[in-house]
Structures are given as C-alpha cells and as structure tokens.
Amino acid sequence: MISHKQIFRSIVFLCVCALVLFLLMSPLPAKRAKNPQRTHSTDPELRMKWFDQYVEMKKDSPFKDLKWRHVGPKNVSGRCTDIAVVAPKGENYTIYVATASGGVWKTSNEGTTWEPIFDQEASTSIGDVTIAPSNPEIVWIGTGEANIFRSSMAGCGVYKSTDAGKTWRHMGLTATNTIPRIVIHPENTDIVYVAASGHEWTDNKERGVYKTIDGGETWDKILYVNEKTGAIDLLMDPYDSNTLYAATWQRIRNKWNDPRNGPDYTGSGIYKTMDGGATWNPINNGLPEAKYRGRIGLDLCLSKSNVVYAFVDNYEIGREPTEAERTSTYGLPSSGIIKGATVYRSDDGGGSWIQMSGLTEQTKRFMMRHSGTYGWVFGQIRVDPNYENTVYIMGVPLSVSHDGGKTFKVIGQRVHVDHHGMWIDPDNSGYIVNVNDGGIAITYDKGKNWRTFTDNLPVCQFFNIGYDMDTPFRVYGSMQDHGSFRGVVDLSGGRKSIPTVDFERAPGGEGSSHAIDPTNPNIVYSAGFYGHLNRTDLSVEGRGGTKYILPRQFNGEPKLRGQWVAPFIISPHNNNIIYHGMQYLFRSRDRGDTWERISPDLTHNNKAELGDIPYQTVFSISESPLKFGLIYVGTDDGKVHVTKDGGKTWQEIMKGLPYQKWVSELVASAYNLGTVYMTQNGKRDDDFAAYVWKSTDYGKTWVDISGNIPLGPVNVIREDPANRNILYVGTDIGVYVTSDGGKTWSVLGGNLPSTFVHDLIIHPRDNIIVIATHGRGMWALDAEPINKMSQQRRRFR
C-alpha cells in the first residue's frame, strides 16, 4: 500500500519536473551579467575584452571580403577637436588633426592630401593629439571628445605611436572616457601628463591629472578633486617643466539637462604645481566664486610665461531671457542668460587674476553671445607666442584681442563656426591652424584670409538616413552643425563600384529625421530640432514649397516634448498617413495638414526628469507592414508600447527589459505578424553592452538575440527585405549581420573603419545597404552577395 509520504514525494517530483520543463521551453530572459535591471557603467577591462573579440570576429568573418564603398559626401567635412603641427614650419609640412568621431588624420603636405592613421581602435572619438617636442616620431592620442555636446562619444584611454602614426599601442587610462589634454616633457619623452575629464553621464573616480615617468607603462593620479570633477585643461611652463597649471571642471550630463553648474558645485577652478605634480595649490584669487565657475581654458605667452590667461564659462547671471528666448527649444538654461565667456589674466603666474573682458556694456554683450548658452562645448583660448596682448578665444565665432582681452573682434567670417582648437607658429605668429565643426582652416596672415579643407577630409557626422524611390535613388541625412543633405547612390558603374559623390542641400536642419513619399520623390518630410515637422515639395522653387506641419497645441495643454532627432514615419499602407512621435504619438491622414493624438503620454513622465533638454520622448515608431494600425512605440526613457487597433488601446510591453534603457530602434516584421525586433542603447549610462531583442508575441515576451555580438552600444536593427532570416545591426563600432535570425552574428565587410553607425537602410528595390555614420559619412554595400552566401550557408548546415 502506498503511503501518504510516497504520494507527497511523487507530487513534488512531478511539480519539479514540470517546472524544469517550463523553464527549458520558456524564452530566455535578459542575460543578467550583460543586461542589468538597473543602470551600470561597463567595466573598462571588460569593454576592451569585448573590443578584442570584435577584432577577431572581423578577421574571421565569412563576409570579410565584401567591401563597403564610401558614398560621401566628398564636399563636406566635420567636427575636429584638436590639432598638432610638426615644427619648424618650412622644414616640415606635417599636421595631425583629431576629429570628434572620425579618428586621427595626417597630412605631410599641409593639407593637400589626408590619410586616416587612427581609425581601427575601440573608439575613434578623439579629445587630443600631441607631438613630443623633442621627437616628432612620438605622438600621443587621448580618446574621448571632452566637449560633451549631444553627439559626443566616449573614448577608451590613451594611445602612443613611436613611428609618427604608423602603428599604435594602447597605454591605458581606459576608464577616463574623455581626455582633453596631453602634455609631454620637452626633453624626456617618458614623462607625460594627461588631463582626464571623466565620464560624461556617470560619476567615476578616473578623473583628474595623471602622470607617467616610464612612457605610459604605469600611471599615477597626481591631482584629484572628486567623482564629478575632472581636469579639462593642462599647461606646462616652457621654461620650467616642473611648473604646470591645471583647470578642473565639475560637470555631469543628465539625460534631461546639459552639463551646467549646480548650486552646490565647488570643484571647478585652477591649480598650480611647481614640483612636477607632487603638490598642487589652488590659484583662484580674482576669479568668480566656485559655484559660478564652469569650464575653464588656459594658455600662457611662450615668450613671457608669467603671463597666463584663463577663459572661464561664467555662471553669474548676465540678464533675464526675452520672451522669444523663453520659447526657444535650443537648450536655453532655465536659470537665465549667464555671463558666459569671460577672459581673466594673470601677470604673476596665477598668483592673482584680473577680469579683462566684458567690462563695458558693449563688450559684455559681445562676450555673452560668444559661446551662446553652451560654453561647455568650447572653452579654448590661445595666446600669441610672441605678443602677450594678442589673445584668441574660441566659441561660436573665432575672435581676437590685441589689447590683452579688453576688446575682441571676430575673424574668419568665412570659416565654419564652432571652434575647438588652434596652433600658432612660434616662429611666425601669422601662421595659424584652426579646427572647428566644419573641419580645418589655415591662415598665413593672422586671420585675414583662410584656406579650408572640405573636399579631402571626410569626417562628417550623420545622425540618420532616409531614402527615396527615384532612379537612381538618393539618400538623405542630417549632419551635426551642417544641416540636411542628400546624395545619389550611383549604380551606373556597377554594384561594386559605387562612387563617392558631392551631396546637395536637402530639407531639414542639423538634427532632422527624413521620410520621402514612396510614390513621389519630390515630397520630403523632415523633422527639425526637437520634432518641428515640415513637408516640402521640391518641385516648387524657393520656400513656397515648404509647409510647417507640427501638430497644433491649444492653451492649457502640456508642452510638446520631442527628441533632438525626433521620429516620424510614413505608413507602409497609405502614403498620406504620417505618424509623429513626441511624448505622444500623433497621426495625420492628410500628409500633415491635420492631426489627431492617438496615444496618452507613452513615457514615464517623471516631473523630476523634465529639464532644459527635452527628455521622456518617443524615439522609435514602427507600424507593421502586414497590418494597418499595429504600431510599436519606444521611448528614450525605456518605455515600450504596442497598439493593435490604431491607437484606441495601448499595452505596455517591457517585461524582462533593462531598466529605463533608451530604445534606439523598433522594427515590426514584414514576415510574421506577431514578430517585432528592438535595440536599446546604454550610451547615456556609460554602458557599452549590446542590447538586441526579438518577440514573437507582439512584445508580451522578449528574447535576447544579441548572441555573440560582443560590444555595443547598438543604434539600429533592420530586417532584410529578401530573406526573413537575415538581420542587420549597426553599433558604435561597425555593422553585424546574422543569417539565422540572431543565433550567430558576423561582422559585415572587411574594410569599414571603426565607426559609429547611427542608422542603416536596405533599399527595397535596388537591394543596396547604406549606413549613416557619425564621423565618416555614408557608406554602401551590395546586399545580393549576402543573400547568396546566406542561402549557401543554410544549405550546408
């Protein structure tokens, strides 16, 4: 007879078996080590390990023989951050230029031709490039743009070359993420100082000034303030290599606010050492109070090194904003209009400072406009090495003073705006090399005339890509600080010989999404800053063809919030229907002439996270090509929703997803009604993991299909229009492809530089892949060999 205990044990055993079977058959949840439920920055050693895995994958990829073709533009350059020139000029014509997200480039003929010499590493975002004064073969690079504008990317430490850039070696400091300055001892090249400004988005201890005495084999942190304060500039006395000046900057960027001062900030200031960094003393006598000190740039006069200048982003309130400024969406601080760019001078090596600029009403107005409301982007000052009263400051314009900073005038009006670096020839003060958001410029006469380089330094930064159905088809995109452009993808010479072409202006602004009517390539929709939407008919000359079609707001309604590059799509079922994402989803059935709001606020709508910069907004929209009204929406604060009835009802679909991780892309499958793909981006948490998801039940459950993708962040995913098993993913390092639905991934193409792939399309008619990179322009690849190779691989499995 069976006892009650035996019956109980049998029931327990059956329950355990059922539970195990259920777990084995259930979709896998997020990988906890890779996809934490809370936000965590990535361990720097793990990040570099992931990069090494990527390098091996690229080397072993079955698609390594496929070659990407640079589409362009060949007539637009991009943001550069620093410059290094081999002296003396006349004997050498070598220049190194650091770019914001396109690596380091070198010319040996003063810009006639350029070659990329640093574009295959873990990050091609560059903060500084420096040549050893005693040996021009030794070049150091500090990765990670320190200007931390909205499109800045994280670096991964410092690199050193001992053969003028032919080869590079990683020398550590990986966790610093941004490096604005490197100073090399004038005689002993093993002694190097590094200013590290630290993570953009999260607190970290790897900030301050570092020193090596063995050429970078080991490092000592010799100046440290706190986890929010890093070193933003560093300067060595040319007559005493033990005397250095360091500017510190307390800053952190929130997702909803620019890196402006807080009321409790005390970390920004200037320090001086006279013993090679063993001890430091603050030297802020005469500067604004610490709570008003923002970013600080430093320079001294080479011929009179006791004359030191400080360029301070001054947070003292200059005036109240006008009504027009209050309604501006371009990053106006809610605290008011600050004094901003302010020049201070010391004639005793920093012992005391005197304010030089902005002492009259006229000069005050000039200086307040000089860096706009975003002085943290600039902060560079240079002193003529031979004339201590000639000073250059870099902001939106480039300006010079000949009276020690009392008055300034703009020079280089025909040079691109937003200036970030300068080198003045110590043997000839008239020869100046400048870098800005448009590339590089050279003057031989102190700024009266300039030579610019836009056709041979292809480092423009695209945010997005759109395409039309014209023949040949065109691609559209918006570039950082250039506006929107379009270019032809020319297949006339063959699918493997797509040429680099000039791009032309297109509707839209600097941060614009684009969608082109598939039945009429002259109808172009573009969303400008923070979601301001326009429809343009290119067949109508002038501005008469453009209509502003942002959904109308009424009194009492919450202010609309749109991302910098706000999303909108044309319905795949009806080219007259448009969906536009702010914090709500809007729908127009008549090309934007009238609108209806078809969703509630789809974000967290946390009042504590509403600041000067629009956040908690829709960032991705996808309507199923198989069913009208089946729409997925993802937000920048990690919310994901689906509607199956055109917006009448919405369901939140976030089970198992990481906490508040930015949804970078959603794609409703064209092959299966319930299938949807999603990518998430951890950049704003200093998280470099790859987040790639698939759901086959309308988002009710998500399966992690990141597989063997070692390194993110991930920006985009696309489904192949000819093969349901092929998916493409664009990341901050390159492009991956899978031919088995995400089980295994391969690096796509063997010649693409390490680059930030922000967007990707596959032209549905011509089967050409085009990617928009943030730092190296647009590239194209024939998709037909991928389709054929994938079919062959499936047959042999």
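Residues numbered from 1 in each chain as written. Predicted model: local features only at pLDDT ≥ 70, side-chain atom pairs only at ≥ 80, totals over all residues. Heavy atoms only, no water.

Engineer: Please clarify how the overall build of the chain should be interpreted in this entry.
Structural biologist: When its secondary structure is counted, the chain shows five helices and 56 strands. Relative to a compact globule of 797 residues, whose C-alpha radius of gyration would be 28 Å, the chain shows 27 Å and is just as compact. Its C-alpha atoms put the chain at 95 × 80 × 60 Å along the principal axes. Within the chain, the fraction of its 797 residues that count as buried is 63%. For the chain, the computed accessible surface area is about 30500 Å², with 51% contributed by carbon and sulfur atoms. Charge-centre separation for the chain: the mean point of 86 positive side chains lies 6 Å from the mean point of 86 negative side chains. (Helix = DSSP H or I, 4+ residues; strand = E, 2+ residues; numbered from the N terminus. Rg over C-alpha atoms; globule rule 2.2 N^0.38 Å. Buried < 20%, exposed > 50% of the residue type's maximum accessible area, 1.4 Å probe, protein only. Areas by Shrake-Rupley, 256 points an atom, 1.4 Å probe, with all protein chains shown as cover. Lys, Arg positive; Asp, Glu negative; His and termini not counted. Charge placed at Lys NZ, Arg CZ, Asp CG, Glu CD.)

Engineer: Looking at this structure, how should I read helix H4 (residues 361–370)?
Structural biologist: Helical geometry: 3.6 residues make up each α-helical turn, so side chains three or four residues apart lie on a common side. Turning to H4, its buried residues are Thr363, Phe366, Met367, Met368 and His370. In this fold, the buried residues of H4 make contact with strand E19 (304–319), strand E20 (337–346), strand E23 (391–394), strand E24 (398–401) and strand E25 (409–411). Where H4 terminates, the next one or two residues include Gly372, which has phi positive at roughly 60 degrees. (Contact = heavy atoms within 4.5 Å.)

Engineer: How should I be thinking about the pairing of E20 in this particular structure?
Structural biologist: Here is the key point about a regular strand: its side chains alternate between the two faces of the sheet. Across the 10 residues of E20, nine count as buried, placing the element largely inside the fold. Sheet analysis places E19 next to E20, joined by nine bridges and oriented antiparallel. Pairing of Ala310 across the sheet is with Tyr344, part of E20. Direction of pairing for E20 relative to strand E21 (residues 354–355): antiparallel, over a ladder of two bridges. Note that in E21 the partner of Arg345 across the bridge is Ile354. (Pairing = 2+ DSSP bridges.)

Engineer: Please explain the pairing of E23 as it appears in this structure.
Structural biologist: With burial as the criterion, each face of E23 is covered, one bearing Val391 and Ile393 and the other bearing Tyr392 and Met394. With four bridges connecting them, strand E22 (residues 380–383) and E23 associate as antiparallel partners. Among the inter-strand pairings, Arg382 is bridged to a residue of E23, identified as Tyr392. Where E23 meets E24, four bridges bridge the pair, whose relative direction is antiparallel. When the bridges of E24 are listed, Met394 appears paired with Leu398. Joining the antiparallel neighbours E23 and E24 is a turn of three residues.

Engineer: I keep staring at the packing of aromatic side chains and nothing clicks. Help me out?
Structural biologist: Here a ring pair, both rings aromatic, is described through the centre-centre distance and the interplanar angle of the planes. Scanning the entire structure with this criterion turns up 18 aromatic pairs. Measuring from ring centre to ring centre gives 6.5 Å for Phe463 and Trp564, while their planes differ by 70 degrees; the resulting arrangement is edge-to-face. Taken together, the residues span a long stretch of sequence, with Phe463 in the loop between strand E29 (451–453) and strand E30 (466–467) and Trp564 in the loop between strand E37 (546–548) and strand E38 (568–570) at a distance of 101 residues. In terms of burial, Phe463 and Trp564 fall into one category: buried. Aromatic ring contacts, followed pair by pair, group Phe149, Tyr374, Trp376 and Phe378 into a single cluster. Positioned above the aromatic ring of Tyr431 is the side chain of Lys89, whose terminal nitrogen or guanidinium carbon lies 4.6 Å from the ring centre. When the ring centre of Trp662 is taken as reference, the NZ or CZ atom of Arg684 above it lies at 3.6 Å. (Phe/Tyr/Trp six-rings, centres within 6.5 Å; stacked < 30°, edge-to-face > 60°. Lys NZ or Arg CZ within 6 Å of the ring centre and 35° of its normal.)

Engineer: Is there a simple way to explain a positive patch on the surface in this structure?
Structural biologist: A cluster of basic side chains, namely Lys627, Lys644, Lys655 and Lys700, defines a positive patch on the protein surface. Mapped onto the elements of the fold, Lys655 is located in the loop between strand E45 (651–652) and strand E46 (662–668). (Patch = residues over 30% accessible without salt bridge, like charges linked within 9 Å, V, L, I, M, F, W, Y side chains within 5 Å. Salt bridge = Lys/Arg side-chain N within 4 Å of Asp/Glu carboxyl O.)

Engineer: Can you walk me through the pattern of salt bridges in this structure?
Structural biologist: Oppositely charged side chains can pair when the atoms bearing their charge come close. Counted by the stated rule, this structure contains 31 salt bridges. For Asp470, the salt bridge identified is with Arg474, shortest N-O distance 3.2 Å. By relative accessible area, Asp470 is classed as partly exposed at 27%. When the shortest N-O distance is used, the salt bridge between Arg486 and Glu504 registers 2.6 Å. Of the two residues, Arg486 sits in strand E32 (residues 483–488) while Glu504 sits in strand E33 (residues 504–505), which places them 18 residues apart along the sequence. Note on Glu504: relative accessible area 38%, which makes it partly exposed. Each of the salt bridges in this network shares a partner with another, and the network as a whole consists of Glu200, Arg253, Asp258, Arg260 and Asp612.

Engineer: What should I look at first to understand the environment of Thr675 in this one?
Structural biologist: Relative to the helices and strands, Thr675 resides in the loop between E46 and strand E47 (676–681). The class of Thr675 is buried, set by a relative accessible area of 6%. A sequence separation of 19 residues divides Thr675 from Lys694, and the C-alpha atoms of the two residues are 7.1 Å apart. Of note is the side chain of Thr675, whose polar atom sits 3.1 Å from the side chain of Asn672. (Polar contact = N/O pair within 3.5 Å; in protein donor to acceptor, adjacent residues only side chain to side chain.)

Engineer: Can you help me understand the side chain of Glu388 in this one?
Structural biologist: Summarising the element assignment, Glu388 is placed in the loop between E22 and E23. Accessibility expressed as a relative area gives 16% for Glu388, which makes it buried. Not counting residues within four places of it along the chain, the set of residues in contact with Glu388 comprises Cys301, Lys304, Val307, Tyr309, Arg345 and Val383.

Engineer: Sorry, what's going on with unusual backbone geometry here?
Structural biologist: One can expect most non-glycine residues to show negative phi and most peptide bonds to be in trans. The residue after Gly72, namely Pro73, is reached through a cis peptide bond having omega 0 degrees. Looking at the element boundaries, Pro73 is found in the loop between strand E1 (69–72) and strand E2 (80–85). Cis peptide bonds are those with omega within 30 degrees of zero, and the linkage from Thr471 to Pro472 qualifies with -5 degrees. For Pro472, the position within the fold is in the loop between E30 and strand E31 (474–479). Backbone geometry places Tyr530, a non-glycine residue, at a positive phi of 55 degrees. Tracing the backbone shows Tyr530 in the loop between strand E35 (523–527) and strand E36 (533–537). Notably, Arg591 is not glycine yet its phi reads approximately 65 degrees, a positive angle. Note on placement: Arg591 falls in the loop between strand E40 (585–588) and strand E41 (596–597). The class of Arg591 is partly exposed, set by a relative accessible area of 26%.

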